Amino acid sequence: MLSNLSPIISRPQRLSDQVYETLCDAIVEGKLPPGERLREAEVARALRVSRTPVRTAFAKLIQQQMLRTNASGAYYVAEWDRKTLWEIATLRAALESLAFSLAPQNLSQEDFDYLEGIIRQMEEMDANPASSDYKRMAQFDFQFHTYIWSRTGHDLLEQALENIKPQAHYYMYLTRQAGQVDYAERHRILIQFLKQGDRSQANEIMLDHILPSAEKAIAWWERRQEEMAEEQELTE
């Protein structure tokens with residue numbers, strides 16, 4: 001809902017970038033749910049900006065498959081299918097494999113202490129699943145992984161990973177209730193790999209980290225879509 005958007009007041013960066021970030025955050029956090037229609041004029045009014053930066057932001061979100069348009073040119077928050085979810089998971093796995101093959105040689109004990117601190121916060125959430133907060137867990141996940149990206153020494157790779165970060169975040173939002181557990185243990189395995197520094201195992205480690213949970217999450221998502229379709233038929 002647009003009422004969840006806050007007006008943009010401070011403008012230290014390009015206005016269209018701020019509009020994009022505001023809309024992107026609202027989408028990945030569920031404030032603008034899948035299927036909701038967005039109108040340039042209404043978004044511009046809600047953010048207190050002109051329609052030009054909104055139009056530019058919409059174009060970027062379409063390119064990232066966060067928005068879609070129909071034949072009449074109307075904009076909607078994207079409703080992904082299995083193919084898109086799987087493509088995001090496998091693309092991230094491929095890029096992260098390279099990142100984890102490059103990072104070990106650049107990591108110090110101080111870096112490992114920082115990563116262990118993130119895992120301790122994950123453990124607290126794993127210990128009490130009833131109070132698990134998707135937004136906090138996503139925050140910990142990206143905090144862990146983006147730190148690794150920054151230690152690869154590969155600027156283009158880091159940029160590529162940052163570019164798919166909104167899509168990866170939206171993927172996590174769409175599959176957030178799939179019963180993902182053991183976040184801490186799964187990331188502790190990654191730390192063990194990084195300490196051993198066997199670059200030849202990077203691809204296998206990352207595929208094991210991402211794809212099994214992706215298959216489970218997507219299967220849950222498909223079941224949920226079927227349930228929602230049945231519920232809608234009963235109300236019609």
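Rules used in this analysis
- Residues numbered from 1 in each chain as written.
- Predicted model: local features only at pLDDT ≥ 70, side-chain atom pairs only at ≥ 80, totals over all residues.
- Heavy atoms only, no water.
- Salt bridge = Lys/Arg side-chain N within 4 Å of Asp/Glu carboxyl O.
- Helix = DSSP H or I, 4+ residues; strand = E, 2+ residues; numbered from the N terminus.
- Buried < 20%, exposed > 50% of the residue type's maximum accessible area, 1.4 Å probe, protein only.
- Phe/Tyr/Trp six-rings, centres within 6.5 Å; stacked < 30°, edge-to-face > 60°.
- Pairing = 2+ DSSP bridges.
- Axes fitted to C-alpha atoms, helices over the stretch in contact; angles between N-to-C directions.
- Parallel < 35°, antiparallel > 145°, perpendicular 65-115°, else oblique.
- Contact = heavy atoms within 4.5 Å.
- Expected span 1.5 Å × (residues − 1).

Enquirer: Describe the pattern of salt bridges, listing the residues and the values that go with them.
Expert: Under the definition given, this model contains 13 salt bridges. The salt bridge partner of Glu29 is Lys135, with a shortest N-O separation of 3.9 Å. Highlighted residues: Glu29 in the loop between α1 (15-28) and β1 (37-38) and Lys135 in helix α6 (residues 134-149), separated in sequence by 106 residues. A relative accessible area of 43% places Lys135 in the partly exposed class. A cluster of three or more residues bridged by salt bridges with shared partners is formed by Glu29, Lys31 and Lys135.

Enquirer: Could you give me a rundown of the packing of aromatic side chains, with the residues and numbers involved?
Expert: One pair of aromatic rings is described through two measures. These are the centre distance and the angle between the planes. Under the counting rule described, the total for this entry stands at four aromatic pairs. Measuring from ring centre to ring centre gives 4.6 Å for Phe58 and Tyr75, while their planes differ by 55°; the resulting arrangement is tilted. Within this pair, whereas Phe58 is found in helix α3 (residues 51-63), its partner Tyr75 is found in strand β3 (residues 75-77), the two being separated by 17 residues in sequence. Take Phe58 and Tyr75: they sit in the same class, and that class is buried.

Enquirer: Go over the sheet that holds strand β2 (residues 67-69), please, and point to the residues and values.
Expert: With antiparallel pairing, three strands are arranged side by side in an open sheet as β1-β3-β2. A strand with exactly one partner marks an edge of an open sheet, and here the two such strands are β1 and β2. Examined bridge by bridge, β1 and β3 share two bridges and lie antiparallel to one another. Along β3, the bridge assignment pairs Leu38 with Tyr75.

Enquirer: Outline the packing of α1 against helix α7 (residues 155-174), supporting the account with residue identities and numerical values.
Expert: Where α1 meets α7, the closest approach of the two axes is 9 Å, and the angle between their N-to-C directions is 25°. Taken together, the axes of α1 and α7 lie roughly parallel to each other. Counted together, Tyr20, Cys24, Ile27 and Val28 of α1 and Pro166, His169, Tyr170 and Tyr173 of α7 form the full contact between these two elements.

Enquirer: Tell me about α6, residues and numbers included.
Expert: Its 16 residues place the ends of α6 22 Å apart at the C-alpha level, agreeing with the 22 Å of an ideal helix rising 1.5 Å per residue. Within α6, twelve of the 16 residues are buried, which leaves the element mostly enclosed by the surrounding structure. Residues Tyr134, Met137, Ala138, Phe140, Asp141, Phe142, Phe144, His145, Thr146, Tyr147, Ile148 and Trp149 constitute the buried set of α6.

Enquirer: Give me the environment of Met66: which residues, what numbers.
Expert: The topology assignment puts Met66 in the loop between α3 and β2. As a C-alpha pair, Met66 and Glu87 span 21 residues in sequence and 14 Å in three-dimensional space. Excluding residues that lie within four positions of it along the chain, Met66 makes contacts with Cys24, Ile27, Val28, Leu61, Tyr76, Val77, Ala78, Trp80, Pro166, Gln167 and Tyr170.

Function cannot be inferred from these measures alone, as they are strictly geometric.
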